[in-house]
Amino acid sequence: MDLLEEYQIPSDALEADQLDASDLDDEDEPQPSSVDHRVKVLSEKNSDKSISVSADSATTAKRPPKRRWYIVHTYSGHENKVKVNLERRIESMNMGDKIFRVEVPQKSVTKIKDGKRTEKEERIFPGYVLVEMLMDDDSWYVVRHTPGVTKFVGSQKKPIPAKDVEIKRILLKDQRPGATVAKIEIDLKVGEVVKIVSGPFADFEGTVTEINPEKERLKASVSIFGRETPVELAFNQVQKSH
């Protein structure tokens, strides 16, 4: 990750300026024509350094802060509250021209328990919020002092912007058709006994031997006519045997 750029006038250029001044002080006060000649000689002697200083100064004065994404650390479980609080502060403090977006990346998770399916959203990065902003003292203050925010990622005085390619991958992931597959979780483990609740083996019990979350299916060993028979079942066809 790139640090925020910090600009300083080169120290050797400053030393050169100080040297020129001391040289003039040591001389007796010259006639105007001598002064003109002296300054001209010194200017030519240090022309490269003088130009570099003025160029840096002009660049610093003209270069505005860059719109970047920053990562903010929050209290665990407070990510969505921080998003709401920060968006309210942006509006009430008229900071919409410096703080543009606040995102809490999430993913869809399907959980199956006792044959029942439930859908919910889970945070991809628990404890973190993404903020797109122009970093300066005012915008830093608004974000940093939002209730629930603990710090920026990076040093206290120099937050580190996230790489644009990483942010784009995170934010666009859920927008590409077919790119996101909901995560499936089932409250079962290999070796546990389940009761089959539907299908031709309803009311039979079996021991789980394999779980395939991608296909939402499992395999169980079921005792049929005194023989252990492998059976493949959908997640919603079984529940834990109590």
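My aim in this report is to walk through the structure given alongside it, one point at a time. (Residues numbered from 1 in each chain as written. Predicted model: local features only at pLDDT ≥ 70, side-chain atom pairs only at ≥ 80, totals over all residues. Heavy atoms only, no water.)

Some points on the pairing of strand β5 (residues 128–134)
Our working definition: Each residue's exposure class comes from its accessible area (1.4 Å probe, protein chains only) as a fraction of the maximum for that residue type: buried when under 20%, exposed when over 50%, partly exposed otherwise. Labels follow the DSSP assignment, with helices taken as runs of H or I lasting at least four residues and strands as runs of E lasting at least two, numbered in each case from the N terminus. A pair of strands is treated as paired once DSSP finds two or more bridges between them.
The buried fraction of β5 is high, at 6 of 7 residues. As paired strands, strand β1 (residues 67–74) and β5 are joined by 7 bridges and run antiparallel to one another. Along β5, the bridge assignment pairs Trp69 with Glu132. Strand direction decides the pairing type here: strand β2 (residues 99–103) and β5, joined by 4 bridges, are antiparallel. Note that in β5 the partner of Arg101 across the bridge is Glu132.

Points about the nonpolar core
Inclusion rule: Only buried residues count toward a nonpolar core, which is a set of Ala, Val, Leu, Ile, Met, Phe, Trp, Tyr and Cys residues joined through side-chain atoms within 4.5 Å. A contact between two residues is defined here by any heavy atoms of the two lying within 4.5 Å.
Core analysis: the biggest nonpolar cluster contains 17 residues, and Leu86, Ile99, Val131, Met133, Val143 and Phe152 have the highest contact counts within it. Those elements that provide at least two residues to this core are β1, α4 (79–92), β2, β5, α5 (137–144) and β6 (149–152). Beyond its immediate stretch of four places on either side in the chain, Phe152 contacts Tyr70, Ile71, Val72, Met133, Met135, Trp140, Val143, Arg144 and Pro159.

Remarks on the packing of aromatic side chains
Put simply, the test is: Centres within 6.5 Å are what make two rings of Phe, Tyr or Trp a pair, Trp counting through its six-membered ring; a difference in plane orientation under 30 degrees is then read as stacked, over 60 as edge-to-face, and the rest as tilted.
Evaluated as defined, the whole model comprises 2 aromatic pairs. Measuring from ring centre to ring centre gives 6.4 Å for Tyr70 and Phe152, while their planes differ by 85 degrees; the resulting arrangement is edge-to-face. Here Phe152 lies in strand β6 and Tyr70 lies in strand β1, a separation of 82 residues in the sequence. Considering the side-chain rings of Phe201 and Phe204, the 6.3 Å spacing of their centres and the 85 degrees angle between planes classify their relative orientation as edge-to-face.

Some points on α4
Where we set the bar: Helices are assigned an expected span. That span is 1.5 Å times one less than the residue count. This arc describes the spread of directions from the helix axis toward the C-beta atoms.
An ideal rise of 1.5 Å per residue puts 20 Å on 14 residues; α4 measures up with 20 Å between its terminal C-alpha atoms. For α4, the full list of buried residues reads Glu79, Val82, Leu86, Arg89 and Ile90. Along the long axis of α4, the arc covered by the buried residues comes to 100 degrees, so they all point the same way. In α4, the exposed positions angled more than 90 degrees off the buried face are occupied by Lys81, Arg88, Glu91 and Ser92. Against β1, β2, β4 (116–123), β5, α5 and β6 lie the buried residues of α4.

Some details on the pairing of β1
Working note: regular strand, side chains alternate between the two faces of the sheet. Along β1, 6 of the 8 residues are buried, which leaves the element largely enclosed by surrounding structure. Where β1 and β6 come together, 3 bridges link them in antiparallel fashion. Pairing of Thr74 across the sheet is with Val149, part of β6.

Some remarks on the sheet that holds strand β8 (residues 193–196)
Sheet strands line up and pair through hydrogen bonds in the backbone, either parallel or antiparallel. Selection criterion: Axes here mean lines fitted to C-alpha atoms, for a helix over just the part in contact, with angles spanning 0 to 180 degrees between N-to-C directions.
On the basis of which strands lie adjacent, the open sheet formed by 5 strands has the order β11-β10-β9-β8-β12 and antiparallel pairing. The two strands at the open ends of the sheet, each matched to only one other strand, are β11 (227–234) and β12 (238–240). With strand direction ignored, the average angle separating the axes of adjacent strands in the sheet is 45 degrees. Judged from the 3 bridges that link them, β8 and strand β9 (residues 205–212) form a sheet pairing that is antiparallel. Opposite Val193, over in β9, you have Thr207 as the bridge partner.

Here we look at the environment of Thr74
Mapped onto the fold, Thr74 is located in strand β1. With relative accessibility at 1%, the residue Thr74 sits in the buried group. Each C-alpha atom, one on Thr74 and one on Val149, is 4.5 Å from the other, the two residues being 75 residues apart in sequence. Contact partners of Thr74, with chain neighbours within four places excluded, come to Glu79, Val82, Gly127, Tyr128, Val129, Gly148, Val149 and Thr150.

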